[in-house]
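Here is how the chains run, residue by residue.
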Amino acid sequence: MAQEFPQPIDSVLTPRFGAIATFMRLPHMTDPAKLDIALVGVPWDGGTTNRPGARHGPRQIRDMSAMMRRVHPTSMVAPFEIARIADLGDSPVNPIDVMDSLVRIEKCFAAIHAAGCMPLAAGGDHLITLPIFRAIARNRPIGMIHVDAHCDTNDTYFGGYKYTHGTPFRRAVEEGLLDPKRVVQIGIRASMYAKDDNDFSHSSGMRVIEMQEVEKIGIDAVIAEARRVAGDGPTYISFDVDGLDPVFAPGTGTPETGGLTTREALTLLRGLRGLNLVGGDVVEVSPPFDASGNTALVGASMMFEIMCLMAECVAKRR
Ligand code: MN
Ligand code: MN
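Residues numbered from 1 in each chain as written. Chains lettered and ligands numbered in written order. Predicted model: local features only at pLDDT ≥ 70, side-chain atom pairs only at ≥ 80, totals over all residues. Heavy atoms only, no water.

A. Quick peek at the side chain of Ser238. Along the chain, Ser238 turns up in strand E7 (residues 235–240). Exposure remark for Ser238: the relative accessible area of 0% places this residue in the buried category. At 2.7 Å, the side chain of Ser238 forms a polar contact with the side chain of His126. With residues near it in sequence (within four places) discarded, Ser238 still touches His126, Thr129, Met144, Ile145, His146, Val147, Phe169 and Asp281. (Helix = DSSP H or I, 4+ residues; strand = E, 2+ residues; numbered from the N terminus. Buried < 20%, exposed > 50% of the residue type's maximum accessible area, 1.4 Å probe, protein only. Polar contact = N/O pair within 3.5 Å; in protein donor to acceptor, adjacent residues only side chain to side chain. Contact = heavy atoms within 4.5 Å.)

So this is what it looks like as structure tokens:
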């Protein structure tokens, strides 16, 4: 079993501050065909329109992911016993070229997808989700549960520029990768450039649950709504750490006050067991703005939650 199912370094024998940092203390492997779930860093923030630094996210999340143990505290899922999971390293990127980076990231995730392996990415800014979709959703549009302060469905920035971390989901719908009727956006609350910023989300049929509605209906109702919208079809979970309140996650490029608590986010993710998952990511952790390191811990924790959901999925399909 040890060979077939990669195991994390035993933290009872080797303390968690020791050894080389990998996601969840798992081995670093290079062949996705040997895995059910690949944890992949995307150290790139070339789509960032405001404060940068998310390119440093994967390393910091790897470091803080050493805090995670082997068994989920409420579901009792032991992900490394039921799924083959490892750290697949980082996607190739080009820090000085957006379009080239999109090609490189897509190629990396296409190889993972072709091997029958499910990716869980650590960003990076939110534009990385677009090339991941290009890699895993070419043959059919997917649904998405999207936690964020922003809809990320703007059209262009800076005079017609179409590829930024504020535009990925509009592009994904235009390219036929994302089924907007199976998309739920949770935690939306940012001030806007213009009154029509979020119109594309609404007109394309996405279910937008703004923060004020979250507060009004409560997390259990948000979970029910997310499950209704996503249904049984292939679904991706995209977690922008700025969906959380900056009190909990200050280390991000575009913080917005009045967001989700970490407890609400954990409850939300824990309410998503049994969905038909095809991938996921945690994005926008920016270590230069993360003085305490807590945002990277939060990012690693959300990755752990999504990884446990994916592991159950994999085990069910086997
Ligand atoms: Mn975002
Ligand atoms: Mn955001």
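B. Structural view of helix H10 (residues 294–317). The end-to-end C-alpha distance of H10, which contains 24 residues, comes to 35 Å, matching closely the 34 Å that a straight helix rising 1.5 Å per residue would cover. Of all 24 residues in H10, 18 are buried, a share of seventy percent or more. (Expected span 1.5 Å × (residues − 1).)

C. View of the packing of aromatic side chains. In the structure shown here, the tally under the stated rule is 4 aromatic pairs. Centre to centre, the rings of Phe133 and Tyr236 are 4.9 Å apart; their planes meet at 90 degrees, and the pair counts as edge-to-face. Remark: Tyr236 occurs in strand E7 and Phe133 occurs in helix H4 (residues 129–136); sequence separation between them is 103 residues. Accessibility expressed as a relative area gives 0% for Phe133, which makes it buried. Among the residues examined, Tyr236 registers a relative accessible area of 0% and is labelled buried. Plain terms: the ring middles of Tyr157 and Phe158 are 5.8 Å apart, the flat faces sit at 55 degrees to each other, and that makes the pair tilted. For Phe158, a relative accessible area of 67% translates into the label exposed. Three or more aromatic residues joined by ring pairs make a cluster, and in this case those are Phe133, Phe169 and Tyr236. Over the face of the ring belonging to Phe289 we find Arg51, whose NZ or CZ atom lies 3.8 Å from the ring centre. (Phe/Tyr/Trp six-rings, centres within 6.5 Å; stacked < 30°, edge-to-face > 60°. Lys NZ or Arg CZ within 6 Å of the ring centre and 35° of its normal.)

D. View of the coordination of the manganese ion (ligand 2). Note on the manganese ion (ligand 2): its protein donors are Asp148 (OD), His150 (ND1), Asp240 (OD), Asp242 (OD) and Asp242 (OD). The metal-donor distances range over 2.1 to 2.5 Å. Taken as a pair, the manganese ion (ligand 2) and the manganese ion (ligand 1) show a spacing of 3.2 Å, with Asp148 coordinating each metal. Of the two residues, Asp148 sits in the loop between strand E4 (142–147) and helix H5 (168–174) while Asp242 sits in the loop between E7 and helix H9 (262–270), which places them 94 residues apart along the sequence. With a relative accessible area of 0%, Asp148 lands in the buried category. For Asp242, a relative accessible area of 2% puts it in the buried group. (Donors = N, O, S within 2.8 Å, 3.2 Å for Na, K, Ca; no water.)

E. Region of the structure containing unusual backbone geometry. Of note, the amide linkage connecting Gly123 to Gly124 takes the cis form, showing an omega dihedral of 15 degrees. Position of Gly124 relative to the elements: it lies in the loop between strand E3 (118–123) and H4. Of note, Met76 is a non-glycine position whose phi angle comes to about 65 degrees, a positive value. By the secondary structure assignment, Met76 is in the loop between helix H1 (57–64) and helix H2 (79–82).

F. Representation of a nonpolar patch on the surface within the structure. On the surface, a cluster of nonpolar side chains totalling about 340 Å² of accessible area is made up of Met99, Phe158 and Tyr161. Mapped onto the fold, Met99 is located in helix H3 (residues 98–114). (Patch = residues over 30% accessible without salt bridge, like charges linked within 9 Å, V, L, I, M, F, W, Y side chains within 5 Å. Areas by Shrake-Rupley, 256 points an atom, 1.4 Å probe, with all protein chains shown as cover. Salt bridge = Lys/Arg side-chain N within 4 Å of Asp/Glu carboxyl O.)

G. The arrangement of the sheet that holds E4 in detail. Judged by pairing direction, the sheet is parallel, and its 8 strands sit side by side in the order E2-E1-E3-E8-E7-E4-E5-E6 without closing on themselves. The outermost strands of the open sheet, each flanked by one partner alone, are strand E2 (85–90) and strand E6 (207–210). The mean inter-strand angle of the sheet, taken between neighbouring strand axes irrespective of direction, is 15 degrees. Sitting on the sheet, H3 touches strand E1 (37–42), E2 and E3, and the angle it makes with E1 is about 170 degrees. (Pairing = 2+ DSSP bridges. Axes fitted to C-alpha atoms, helices over the stretch in contact; angles between N-to-C directions.)

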